[in-house]
Amino acid sequence: MTTPLVAGLAIGAAAYAGRALIQVGSKWQAAGSAVGRSFYKGGFQAEMTKREAALILGLRESAAADKVKDAHRKIMIANHPDSGGSSFLATKVNEAKETMLGKGRRRTNVF
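Note that the structure is predicted; figures quoted are calculated from it, not measured.

Description of the pattern of salt bridges
Any two side chains of opposite charge can pair, so long as their charged atoms come close to each other.
Then comes step 1: The full count for this structure, using the stated rule, is 1 salt bridge.
Then comes step 2: The salt bridge involving E95 is made with K92; its shortest N-O contact spans 3.6 Å. Of this pair, E95 and K92 both sit in helix α4 (residues 87-101), 3 residues apart, roughly one helical turn.
Then comes step 3: The exposure class of E95 is buried, given its relative accessible area of 12%.

Things to note about helix α3 (residues 65-79)
Then comes step 1: Taking 1.5 Å as the rise per residue, α3 with 15 residues should run 21 Å; its terminal C-alpha atoms sit 21 Å apart, in good agreement.
Then comes step 2: Among the residues making up α3, those that are buried are V68, A71, H72, I75 and M76. Seen from one end, α3 has its buried residues packed into an arc of 130°, which puts them on one side. Exposed residues on α3 whose side chains face more than 90 degrees from its buried face are K67, R73, K74, I77 and A78.
Then comes step 3: Lining the buried residues of α3 we find α2 (50-57) and α4.

Some remarks on a nonpolar patch on the surface
Then comes step 1: A cluster of nonpolar residues, F44, F88 and L89, forms a patch on the protein surface that exposes about 270 Å² of accessible area.
Then comes step 2: Counting through the fold element by element, F44 comes out in the loop between α1 (2-31) and α2.

Here's the deal with α2
Note: α-helices contain 3.6 residues per turn, so residues at a spacing of three or four share the same orientation.
Then comes step 1: Of all the positions in α2, only E52, A53, A54 and L57 are classed as buried.
Then comes step 2: Contact partners of the buried residues in α2: α3 and α4.
Then comes step 3: With its phi angle positive at about 75°, G58 sits one or two positions after the end of α2.

Re the side chain of T99
Then comes step 1: When you line up the elements, T99 lands in helix α4.
Then comes step 2: Among the residues examined, T99 registers a relative accessible area of 18% and is labelled buried.
Then comes step 3: Polar side-chain contacts of T99 include one of 2.8 Å to the backbone oxygen of E95.

How each quantity is defined
Residues numbered from 1 in each chain as written. Predicted model: local features only at pLDDT ≥ 70, side-chain atom pairs only at ≥ 80, totals over all residues. Heavy atoms only, no water. Salt bridge = Lys/Arg side-chain N within 4 Å of Asp/Glu carboxyl O. Helix = DSSP H or I, 4+ residues; strand = E, 2+ residues; numbered from the N terminus. Buried < 20%, exposed > 50% of the residue type's maximum accessible area, 1.4 Å probe, protein only. Expected span 1.5 Å × (residues − 1). Arc of directions from axis to C-beta. Contact = heavy atoms within 4.5 Å. Patch = residues over 30% accessible without salt bridge, like charges linked within 9 Å, V, L, I, M, F, W, Y side chains within 5 Å. Areas by Shrake-Rupley, 256 points an atom, 1.4 Å probe, with all protein chains shown as cover. Polar contact = N/O pair within 3.5 Å; in protein donor to acceptor, adjacent residues only side chain to side chain.

Right, dumping it as structure tokens:
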């Protein structure tokens, strides 16, 4: 008589543990994209450096020109001002691309 009761309790406990495991797994999977990834903390520097440009584009400082262009394109598609993105961020992304490609601000003196 007690065997069905014990079996029912064991099945219930296994189902409860499985449900808890699925919930923890789904939370871990949702946060998995940011696990182990650190983001740049702080604002932008007054004069953009190659290191800061690489952080903005998510590349290494020694990245090839085609990788810089691909990263720039992906970020600009997501953050373009015509699509509701920030014009300030778009300016910084464009400046990062120019810095990484070596086309930084060219200061010409008209005098």
